[in-house]
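Residue strings, one per chain:
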2 protein chains.
Amino acid sequence: MELAAAKLKFIEAWGKLGSEWGINRTMAQVHALLLISAEALTTEEIMENLSISRGNANMTLRDLIGWGLIEKQHKAGERKEYFFADKDVWNIARQVAKERKKRELEPVLKVLTELSTVEGDEKDPEFKTFKKSINDINKLANNVDKTLETMLKAEESWFWGSVLKVFK
Amino acid sequence: MELAAAKLKFIEAWGKLGSEWGINRTMAQVHALLLISAEALTTEEIMENLSISRGNANMTLRDLIGWGLIEKQHKAGERKEYFFADKDVWNIARQVAKERKKRELEPVLKVLTELSTVEGDEKDPEFKTFKKSINDINKLANNVDKTLETMLKAEESWFWGSVLKVFK
DNA sequence: ATAAACTTTCAATAATTATTGAAAGTTTAA
DNA sequence: TTAAACTTTCAATAATTATTGAAAGTTTAT
């Protein structure tokens with residue numbers, strides 16, 4: 001396979017993966033493009049490469065900056081903004097984990113905590129089932145939360161070392 | 001809060017969480033409803049409870065069965081089908097991990113493996129960047145895959161015991 | 001102050017995804 | 001074999017989400 005074809009294939013695969021996990025496909029594609037580019041790219045180049053409009057490119061780039069996955073670069077004597085992605089895959093994983101934890105896991109934990117205080121008739125099977133499910137989910141969610149917390153603080157080698165020890 | 005209100009709140013939160021993670025909102029809501037129901041429910045009851053149509057309820061229930069999250073039950077002397085959810089939260093987590101691994105992670109691993117064989121000019125920065133990114137992502141994806149594999153085989157207590165040991 | 005170069009916004013539109021509901025299909029009982 | 005009870009299908013429609021593109025906004029150089 002040619003490099004050009006391989007790039008297209010990667011962009012497509014990354015875009016698909018993103019959309020399956022609740023991340024806008026275009027955003028994942030722009031991220032993919034920047035990940036495999038040696039040089040920082042302009043909005044213009046990104047638009048052209050992925051055949052997307054200026055407005056879309058602009059909003060997507062803002063979003064990616066908001067996720068901490070890409071940064072702006074300025075070149076001396078030029079007015080254009082250039083964009084490049086952090087290439088450290090471990091940083092990317094942490095950044096995504098951090099944002100999704102904040103945006104999605106934490107709100108759910110809050111609701112679960114609230115729901116686990118609901119009082120009712122201990123004799124009522126409906127109440128007992130509700131309470132048990134909520135408590136069980138709550139425990140699991142807290143374990144996930146703790147694990148992510150550790151991951152956010154960890155060095156890659158240490159984290160995978162610790163986790164993979166489990167497998168021997 | 002009343003039990004009824006708490007149920008609604010949980011169904012809403014579970015549905016939102018699902019949709020943020022690429023799972024159809026209605027599917028997550030039906031799952032939530034069955035998770036907190038002491039009794040198995042009929043299609044009719046589910047339709048009514050969530051205000052959804054018969055067709056939607058039917059397809060969603062099939063999907064949930066396909067994900068291994070709910071099962072049918074038959075009651076003696078009745079023709080109706082009843083549905084109930086596995087209440088073991090660890091089983092649910094494993095089942096979801098198993099399906100998503102199969103449906104999404106594995107196809108991506110396949111593409112990455114293919115892309116990591118691309119040959120090119122080692123002097124070309126574009127080629128070098130591409131190759132490095134693909135290799136790095138490949139390694140991370142394989143670590144995730146191994147971790148999920150272990151999770152699928154593990155007992156809950158053993159798994160979290162091992163993982164949480166990391167935190168002390 | 002003006003204009004060129006560039007970025008941002010957002011209402012309109014397109015594309016995608018989910019839902020409905022009625023007709024067709026199936027199973028069971030008599 | 002008929003009909004009632006129940007399930008499935010799927011074309012039409014609705015709801016949601018993403019994208020466009022042109023106008024407005026901003027910055028910089030002269």
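Our subject is the structure listed above.
Just so we're clear, the structure is a prediction, and the values are computed from it rather than from any experiment. (Residues numbered from 1 in each chain as written. Chains lettered and ligands numbered in written order. Predicted model: local features only at pLDDT ≥ 70, side-chain atom pairs only at ≥ 80, totals over all residues. Heavy atoms only, no water.)

Trainee: I'm lost on the pattern of salt bridges in this one. Help?
Mentor: Side-chain pairs of opposite charge can arise whenever the charged atoms involved come near each other. Tallied over the full model, the rule gives 30 salt bridges over all chains. The partner of A:Lys7 in a salt bridge is B:Glu126, with the nearest N and O atoms 2.8 Å apart. Pair noted here: A:Lys7 is in helix 1 (residues 3-20) and B:Glu126 is in helix 6 (residues 125-153), and the two residues belong to different chains. Residue classification places B:Glu126 among the partly exposed residues on the basis of a relative accessible area of 22%. Here A:Glu81 and A:Arg62 are joined by a salt bridge, their closest N and O atoms 4.0 Å apart. Of this pair, A:Glu81 sits in strand 3 (residues 81-85) while A:Arg62 sits in helix 4 (residues 54-66), and the two are 19 residues apart along the sequence. (Salt bridge = Lys/Arg side-chain N within 4 Å of Asp/Glu carboxyl O. Helix = DSSP H or I, 4+ residues; strand = E, 2+ residues; numbered from the N terminus. Buried < 20%, exposed > 50% of the residue type's maximum accessible area, 1.4 Å probe, protein only.)

Trainee: Any chance you could explain the interface of chain B and chain A here in plain terms?
Mentor: The figure often quoted for interface size is the accessible area lost as the parts come together. Contacts between the two partners involve 51 residues from chain B and, on the opposite side, 51 residues from chain A. Interface of chain B and chain A: buried area, both sides summed, is about 4900 Å²; carbon and sulfur atoms make up 75% of it. Summed over the shared surface of chain B and chain A, the result is four salt bridges. Sorting the residues of the side of chain B that touches chain A by element identifies helix 1 (3-20), helix 5 (89-115), helix 6 and helix 7 (156-165) of chain B as the ones contributing at least two each. Residue contributions to the side of chain B that touches chain A peak at 15 residues, all from helix 6 of chain B. (Contact = heavy atoms within 4.5 Å. Buried area = accessible area lost by both parts, 1.4 Å probe.)

Trainee: Hey, could you run me through the relation of the copies chain B and chain A in this one?
Mentor: Structural alignment of chain B on chain A gives an RMSD of 0.0 Å, achieved by rotating through 180 degrees and translating 0.0 Å along the axis. The two molecules are tied by a two-fold rotation axis, judged by turn and shift. Residue by residue, 100% of the interface of chain B is reproduced at the interface of chain A, so both copies engage with the same surface. (Least-squares fit on C-alpha atoms with pLDDT ≥ 70 in both.)

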